[in-house]
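Spelled out, the chains give:
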Amino acid sequence: MTRTVPAPANGPERERTDAFHRLVRHLVADGDARAAKAGRRARRTLAEMGAVR
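Quick caveat, the model's predicted, so the values are computed rather than measured. (Residues numbered from 1 in each chain as written. Predicted model: local features only at pLDDT ≥ 70, side-chain atom pairs only at ≥ 80, totals over all residues. Heavy atoms only, no water.)

Turning our attention to the overall build of the protein chain. What the protein chain contains, in helices and strands, is 2 helices and 0 strands. The burial tally for the protein chain puts 2% of its 53 residues in the buried class. For the protein chain, the accessible surface area stands at approximately 5,200 Å², while carbon and sulfur atoms represent 56% of it. (Helix = DSSP H or I, 4+ residues; strand = E, 2+ residues; numbered from the N terminus. Buried < 20%, exposed > 50% of the residue type's maximum accessible area, 1.4 Å probe, protein only. Areas by Shrake-Rupley, 256 points an atom, 1.4 Å probe, with all protein chains shown as cover.)

Structure, rendered in structure tokens:
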């Protein structure tokens, strides 16, 4: 993965970044599990996501 913004060196900003990445990983895993349970093998397209709103 290519970074466009340098990662924080240390301190509270680093902890927030780590927490954010853990949250994103959790949400992606949850979404993938729900998709698998629904019988989907591929991720939804942007058009499909817009149709759900």
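There is more to say, and it comes next.
Let us look at the pattern of salt bridges. Pairing is possible between side chains of opposite charge, provided their charged atoms come close. Following the criterion strictly, the structure yields 3 salt bridges and no others. Residues D18 and R14 are paired through a salt bridge, measuring 3.4 Å at the closest nitrogen-oxygen approach. Here the residue D18 and the residue R14 both occupy positions in helix 1 (residues 12–37), the gap between them amounting to 4 residues, near one helical turn. Taking relative accessible area as the criterion, D18 reaches 31% and is therefore assigned partly exposed. Where E48 meets R40, a salt bridge forms, and the shortest distance between an N and an O atom there is 3.2 Å. (Salt bridge = Lys/Arg side-chain N within 4 Å of Asp/Glu carboxyl O.)

Turning our eyes to something else, we now look at a nonpolar patch on the surface. Among the surface-exposed residues, F20, V24 and V28 lie close enough to one another that they form a single nonpolar patch of about 250 Å² accessible area. Position of V24 relative to the elements: it lies in helix 1. (Patch = residues over 30% accessible without salt bridge, like charges linked within 9 Å, V, L, I, M, F, W, Y side chains within 5 Å.)

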